[in-house]
Amino acid sequence: MAATPLYKTQELKIYNSISGQKEVFIPLTEGNIGMYVCGPTVYSNVHLGNCRTFISFDLVFRYLKHLGYKVRYVRNITDAGHLENDADEGEDKVAKKARLEQLEPMEIVQRYTLDFHHVMSKFNTIAPSIEPTATGHIVEQIEIIKTIIDNGFAYVSNGSVYFDVQKFNETNNYGKLSGRNLEDMIANTRELSAQTDKKNPQDFALWKRADPQHIMRWPSPWSDGFPGWHLECTVMSTKYLGERFDIHGGGMDLKFPHHECEIAQGEAACGQTPVNYWMHANMLTLNSKKMSKSTGNTISPEELFTGHNSVLDKPFDPSIVRFFMMQAHYRSILDFSNDALEASEKGFNRLMDALHVVERLEASSKSEGLDVAAWRSECYEAMNDDFNSPILIAKLFDAVKFINSVKEQKASISNDDLELLRETMKGFIFDVLGLVDSNEVSSDVGDKLSGTVELLIKLRAEARANKDFATSDKIRDELLEIGIQLKDSREGTTFLLN
Ligand code: AMP
Ligand code: ZN
């Protein structure tokens, strides 16, 4: 009989940005989850701020899988339609880069998609189940625009198609995600400039007629043009997850207008709201300002791993940076600094050392010092409380303290608890937090060390059998001096790394 999935015994709560509350998570189909996360616009190398958002959702993906859910995780690649300043006017970000570098737009897309994948794998993120591109779904985007026009929520103007926000707001609620009110938006916007084809400034493009110099263009019933930025996510989420799905994520800065427009498009096209749980990850800051490509206030993953940057004193391993990110809740702002990373490095090493110790710990007849089963429940409670990784890490450090006490024989652990402790620690550290034990220089070196110490233990046993106590004591004492402690028991001799 298959084991009961964990999700049946755990109550996960997710902070839903649209209600502003933590809600008990109930998927549309038991045991299955559809999750969509807005991916990168591939016109430049990702910076560490972008990475934080994707690592935050990697934690979510990992924990949902850990709970036993079958998750279809869709994260798109934006390779067309994202204009400068996230606006409806201006050059396409990819096309602009192609123009500046005298390359084909698809060469730009390929280069930065590869960079993105490389960086994501350095951070040990799990690849999404589907990674669709905007340019691969032009036909579907045209189809959904036709539906929105037919439903009366969009109009054609001079070869472009715009979403009619005021019309939509008569029957629906434009602004419900971002907490904005359309009347206020209207009151706070300036008059439309003469060049625009929009009826109202709040309207947004579903399709744009391309100027002659715009190279990324496709035929459509309205003009040779390109899709609006918000539309691709509606189309790709609907295509792969259905008209209604469980979780939609992205960075906090995408809440408005991008996600607000996605809701409007979904409701206008399908007659139902597309997403049950909206999740927004908070920003990574540098010098207390948002890390952002446009202001140049960034640090790249490459600069971080090589140490070639003006912020850090030395290079840092991706796992330490990942641990640093996990030490903050995904909805909190996180400031990046040398001191913070150094502190994370110390914590990370302490955690990894304890993992090595726990592998060699000896069990006693009973546990004293930590109720392991209760501690395990608290680890789950932390993650069930809207993926609270900092609390989880605090719990892991409770275990570290306990492990070190057992090592120093100030506490004890039973066989069953030892198994549970090891399994829980590893499950959370590797599977859920996605950390990699970079300290274990390589398991190969570890194996060789064990082999060498085992050999010395054998030689010591032979010396003792020959009553050559000078040699046997020398082996024991000199090993201790370099931090390897031999422990004799009836079952034989084992060793501990101090
Ligand atoms: P983009 O490539 O600009 O479409 O952004 C990709 C993702 O990175 C989006 O989900 C953004 O919200 C996110 N993002 C951008 N800047 C930051 C930042 N400083 N901290 C966290 N996430 C960010
Ligand atoms: Zn999106």
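Up top is the structure.
Let me sum up the structure you'll find in this document.

Points about the overall build of the protein chain
Each helix and strand counted, the protein chain has 16 helices and 15 strands in total. For the protein chain, the spread of C-alpha atoms along the three principal axes comes to 100 × 50 × 40 Å. Here the analysis covers contacts within the protein chain between residues at least 6 apart in sequence; of these, 73% occur between residues at least 24 apart. Carbon and sulfur atoms provide 48% of the accessible area of the protein chain, an area that totals close to 23,000 Å². The distance from the centre of the 54 positive side-chain charges to the centre of the 72 negative ones in the protein chain is 2 Å.

Structural notes on the pairing of strand β7 (residues 204-209)
Burial analysis of β7 places 5 of its 6 residues in the buried class, the great majority of the element. For strand β6 (residues 160-163) and β7, the ladder comprises 3 bridges, and the chain directions are antiparallel. Pairing of V161 across the sheet is with W207, part of β7. With 3 bridges joining them, β7 and strand β8 (residues 225-227) adopt antiparallel strand pairing. Bridge pairing links R209 to G225 in β8.

Notes on the site of ligand 1
Lining the immediate surroundings of ligand 1 are 16 residues, of which G49, T53, D253, L284 and M291 lie closest. Residue G49 places a main-chain N or O atom 3.0 Å away from a nitrogen atom belonging to ligand 1. Within the side chain of N50, an N or O atom sits 3.0 Å from an oxygen atom of ligand 1. Isolated, ligand 1 exposes 490 Å² of accessible area, and the fraction of that covered by the protein chains is 91%. For the shell around ligand 1, the leading source of residues is helix α1 (residues 48-66), giving 4 residues. When grouped by side-chain class, the residues that make up the shell around ligand 1 number 6 nonpolar, 8 polar and 2 charged.

Focus on the coordination of the zinc ion (ligand 2)
Donor atoms from the polypeptide that bind the zinc ion (ligand 2) are C38 (SG), C233 (SG) and H258 (NE2), placed at 2.0 to 2.2 Å. Positions of the donor residues of the zinc ion (ligand 2) along the chain correspond to the pattern C-x194-C-x24-H. Note that C38 is positioned in the loop between β3 (32-37) and α1 and C233 in helix α7 (residues 229-241), a separation of 195 residues in sequence. One exposure class covers both C38 and C233, and it is buried.

Brief notes about the sheet that holds strand β10 (residues 275-281)
Pairing is parallel in the open sheet, where 4 strands are placed in the order β4-β3-β9-β10. For this open sheet the edge positions go to β4 (70-75) and β10, each flanked by a neighbour on one side alone. Neighbour to neighbour, the strand axes of the sheet diverge by 20° on average, direction disregarded. With 6 bridges connecting them, β3 and β4 associate as parallel partners. If you follow N32 over to β4, its bridge partner there is K70. Its contacts with the sheet put α1 on β3, β4, β9 (245-251) and β10, and the angle it makes with β3 is roughly 175°.

Here's the deal with the packing of aromatic side chains
Taken as a whole, this structure holds 17 aromatic pairs when the rule is applied. By way of ring pairs, the aromatic residues Y7, F25, Y69 and Y277 are connected into one cluster. Just above the ring of Y155 sits the side chain of K199; from NZ or CZ to the centre is 4.6 Å. Above the plane of the ring of Y15 lies R331, whose end atom (NZ or CZ) is 3.8 Å from the centre.

Each value, and the rule that gives it
Residues numbered from 1 in each chain as written. Chains lettered and ligands numbered in written order. Predicted model: local features only at pLDDT ≥ 70, side-chain atom pairs only at ≥ 80, totals over all residues. Heavy atoms only, no water. Helix = DSSP H or I, 4+ residues; strand = E, 2+ residues; numbered from the N terminus. Contact = heavy atoms within 4.5 Å. Areas by Shrake-Rupley, 256 points an atom, 1.4 Å probe, with all protein chains shown as cover. Lys, Arg positive; Asp, Glu negative; His and termini not counted. Charge placed at Lys NZ, Arg CZ, Asp CG, Glu CD. Buried < 20%, exposed > 50% of the residue type's maximum accessible area, 1.4 Å probe, protein only. Pairing = 2+ DSSP bridges. Near = heavy atom within 4 Å. Polar contact = N/O pair within 3.5 Å; in protein donor to acceptor, adjacent residues only side chain to side chain. Nonpolar A, V, L, I, M, F, W, Y, C, P; charged D, E, K, R; others polar. Donors = N, O, S within 2.8 Å, 3.2 Å for Na, K, Ca; no water. Axes fitted to C-alpha atoms, helices over the stretch in contact; angles between N-to-C directions. Phe/Tyr/Trp six-rings, centres within 6.5 Å; stacked < 30°, edge-to-face > 60°. Lys NZ or Arg CZ within 6 Å of the ring centre and 35° of its normal.

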